[in-house]
Amino acid sequence: MTDFARTRAAFHLPQGVIYLDGNSLGPMPVAAAERVAAMMRDEWAQMLIGGWNRAGWYVQPRRVGDRIAPLIGAAEGQVVMGDTLSIKVFQALSAALALNPGRRVILSDSGNFPSDLYVAQGLARVTGAELRVVAPEDVADAIGPDLAVLMLTEVDYRTGRRHDMAALTARAHEAGALAVWDLAHSAGAVDVDLLGAGADFAVGCTYKYLNGGPGSPAFIWVHPRHAEAAQPCLQGWMGHAAPFAFDGDYRPGAGIERMRVGTPPVIALAALDAALDVWEGVQMADLRARSVALTEAFIAGIDASCPGVTLHSPRDPARRGSQVGLRHPQAHAVMQALIAQGVVGDFRAPDVLRFGFAPLFNDMSDVEGAVDRLAGILRSASWDRPEYHQRAAVT
Ligand SMILES: *Cc1c(COP(=O)(O)O)cnc(C)c1O
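Note that the coordinates shown come from a computational prediction; the quantities given were computed from them, not determined experimentally.

Reading the values: the criteria
- Residues numbered from 1 in each chain as written.
- Predicted model: local features only at pLDDT ≥ 70, side-chain atom pairs only at ≥ 80, totals over all residues.
- Heavy atoms only, no water.
- 1 Å grid on protein atoms, 1.4 Å probe; cavity = no way out; pocket = protein on both sides within 12 Å on 5 of 7 lines; lining within 4 Å.
- Points joined across faces, edges and corners; volume = space filled by probe spheres on them.
- Helix = DSSP H or I, 4+ residues; strand = E, 2+ residues; numbered from the N terminus.
- Nonpolar A, V, L, I, M, F, W, Y, C, P; charged D, E, K, R; others polar.
- Pairing = 2+ DSSP bridges.
- Contact = heavy atoms within 4.5 Å.
- Axes fitted to C-alpha atoms, helices over the stretch in contact; angles between N-to-C directions.
- Near = heavy atom within 4 Å.
- Polar contact = N/O pair within 3.5 Å; in protein donor to acceptor, adjacent residues only side chain to side chain.
- Areas by Shrake-Rupley, 256 points an atom, 1.4 Å probe, with all protein chains shown as cover.
- Sits in = over half its atoms within 2 Å of the grid points.
- Patch = residues over 30% accessible without salt bridge, like charges linked within 9 Å, V, L, I, M, F, W, Y side chains within 5 Å.
- Salt bridge = Lys/Arg side-chain N within 4 Å of Asp/Glu carboxyl O.
- Core = buried A, V, L, I, M, F, W, Y, C linked by side-chain atoms within 4.5 Å.
- Buried < 20%, exposed > 50% of the residue type's maximum accessible area, 1.4 Å probe, protein only.
- Domains from an automatic or database assignment.
- UniProt positions renumbered as here; feature names shortened; annotations may be inferred.

Chemist: Help me understand the layout of surface pockets, please; the structure alone is not making it clear to me.
Modeler: Rolled over the atoms, a probe with the dimensions of a water molecule shows which regions are left empty. Approximately 610 Å³ is the volume found for the largest pocket. Along its surface, the largest pocket is lined by 36 residues, and Ser-24, Tyr-207, Lys-208, Arg-348 and Val-394 are the ones closest to its centre. For the lining of the largest pocket, the elements supplying multiple residues, two or more each, are α5 (85-98), α6 (114-127), α12 (331-340) and β14 (346-348). Among the elements that line the lining of the largest pocket, the one with the most residues is α12, at four residues. Partitioned by chemical class, the residues of the lining of the largest pocket number 15 nonpolar, 13 polar and eight charged. Every residue lining the second largest pocket is listed: Pro-136, Glu-137, Val-139, Ala-140, Arg-161, Arg-162, His-163, Asp-164, Ala-167, Leu-168 and Arg-319. For the lining of the second largest pocket, the secondary-structure elements that each account for two or more residues are α7 (139-142) and α8 (165-174).

Chemist: Whenever I open this one, the sheet that holds strand β12 (residues 323-327) confuses me. Can you help?
Modeler: Whether parallel or antiparallel, the strands of a sheet pair through hydrogen bonds between backbone atoms. Spatially, the four strands line up as an open sheet ordered β11-β12-β15-β14, and their pairing is antiparallel. Every interior strand has two partners, whereas the edge strands, β11 (310-311) and β14, have only one. Sheet analysis places β14 next to strand β15 (residues 352-356), joined by three bridges and oriented antiparallel. Paired with Phe-347 across the strands is Leu-353, a residue of β15. The strands touched by α12 are β14 and β15; relative to β15, the strand with the most contacts, the crossing angle is about 40 degrees.

Chemist: Honestly, the site of the ligand in this entry has me stumped. Any pointers?
Modeler: Taken together, Thr-84, Leu-85, Ser-86, Phe-113, Asp-116, Thr-153, Asp-182, Ala-184, His-185, Tyr-207 and Lys-208 make up the full set of residues near the ligand. Within the side chain of His-185, an N or O atom sits 2.9 Å from an oxygen atom of the ligand. Tyr-207 is positioned such that a nitrogen or oxygen atom in its side chain is 2.6 Å from an oxygen atom of the ligand. Alone, the ligand offers 390 Å² of accessible surface; in the complex the protein occludes 85% of this. Put simply, the ligand lies in the largest pocket. For the shell around the ligand, the per-class residue count stands at four nonpolar, four polar and three charged.

Chemist: Just checking my understanding: could you explain a nonpolar patch on the surface for this structure?
Modeler: Judged by side-chain polarity, Met-40, Trp-44 and Ile-267 come together as a nonpolar surface patch covering roughly 280 Å² of accessible area. In this fold, Trp-44 is placed in helix α2 (residues 30-47).

Chemist: What exactly am I supposed to notice about the nonpolar core here?
Modeler: What tends to happen in soluble globular proteins is that the nonpolar side chains get buried as a cluster. Counting residues in hydrophobic clusters, the biggest one holds 51 residues, and the most contacted among them are Ile-72, Leu-150, Leu-183, Leu-194, Phe-219, Trp-279 and Leu-360. Built from parts of two domains, this core gets at least three residues from each of domain 1 (4-28 + 282-389) and domain 2 (32-277). Those residues in contact with Leu-183 that lie beyond four places of it in its chain are Ile-72, Glu-154, Met-165, Val-192, Leu-194, Ala-202, Val-203, Gly-204 and Phe-219.

Chemist: Sorry, what's going on with the UniProt feature "binding site: pyridoxal 5'-phosphate" (unreviewed entry) in the protein here?
Modeler: According to UniProt, the feature "binding site: pyridoxal 5'-phosphate" (unreviewed entry) maps to Leu-85, Ser-86, Phe-113, Pro-114, Ser-115, Asp-116, Thr-153, Asp-182, His-185, Tyr-207, Trp-237 and Thr-263 in the numbering used here. Judged by maximum C-alpha separation, these annotated positions cover 179 residues in sequence and are scattered in space, the widest gap reaching 30.2 Å. Within this annotated set, the largest pocket is lined by Leu-85, Ser-86, Phe-113, Ser-115, Asp-116, Thr-153, Asp-182, His-185 and Tyr-207. Its place among the elements puts Thr-153 in strand β7 (residues 147-153). The contacts of Thr-153, once residues within four sequence positions are left out, are Asn-112, Phe-113, Asp-116, His-163, Trp-181 and Asp-182. Of note is the side chain of Thr-153, whose polar atom sits 2.5 Å from the side chain of Asn-112. With respect to the element layout, Thr-263 can be found in the loop between β10 (219-222) and α10 (266-277).

Take a look at the structure:
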């Protein structure tokens, strides 16, 4: 059994705060501050450029990738870190398109995160591909014989609706297409099984449920059947077969190495490495069971004591990730009032209150506290104060 009291204690959570926004930015692991300080003090300061070899900075994108692999149903040597998720989406999608040269249609859904759709639109413009976007429930039926790549985010960032990765991947393969999965709201939140599902490419960020800190690097996974065939479109020197030969011409590195682009963010990787220590001894089946228990209890509490909001997530936990969306016409002001009372979720336009339940550090007391305070705010309409109607740049 996973010891979730230990994992909760591994995070710095400010006094009095119920943090239900780990799906947007995970809290700081206590060990991360010292790990980063040690990296600066003992490695950068002392070793200077020697740190690339002596401290292992150069191999860190693969070493940290190997630590993420078991959390997403992948194996050693299949995951590499670097860049932001938007860039990893571009890399995976462009490589998948190139592996299916006779076709030009990319299929995604309207529940996908805008950045993924923007990247696909830009890539379609320069490659002559066509992006088709359908409603999430229509994806399966929209997979046809002209499809090149199915590009989906497994868990919808607003509703928490979870696609059936294995079934949709199988359907894409039957139609002769490849499947690219974005795990932004899955990695560290649900039990992902990339190899079991037979997915082709996957990408994800590490500052959400993996708690790597703001701006921590993204990851990319390539199924081993494509690893030596995938042609990266972003051909950077760190993905070259021999970066320090300084050849004038690009030759892809071995396997997943070719998905590296440029110099890795070594300081950020130190924080992420500390965050991944927390996962030692965590069983993904336990994580999923705890996530379901938390979201079920939250929904039951909302049903019982919060009239005036409507559930914006699937009721069936099998179809839900680790977050719950609620709709309210004044969702922004309601969330501001909640945050003022120490319950931190977030608001997604136009009218969604979003609550992430991160099994590593959230527990039933968080669920109860959040339901109680939301019920009080709705009952008293205390959200309707002028200060709660002000909008900041980042919501
Ligand atoms: C959070 C998120 C992103 C963010 O991309 P960045 O490049 O890391 O800013 C992209 N796609 C999805 C699906 C996300 O949930």
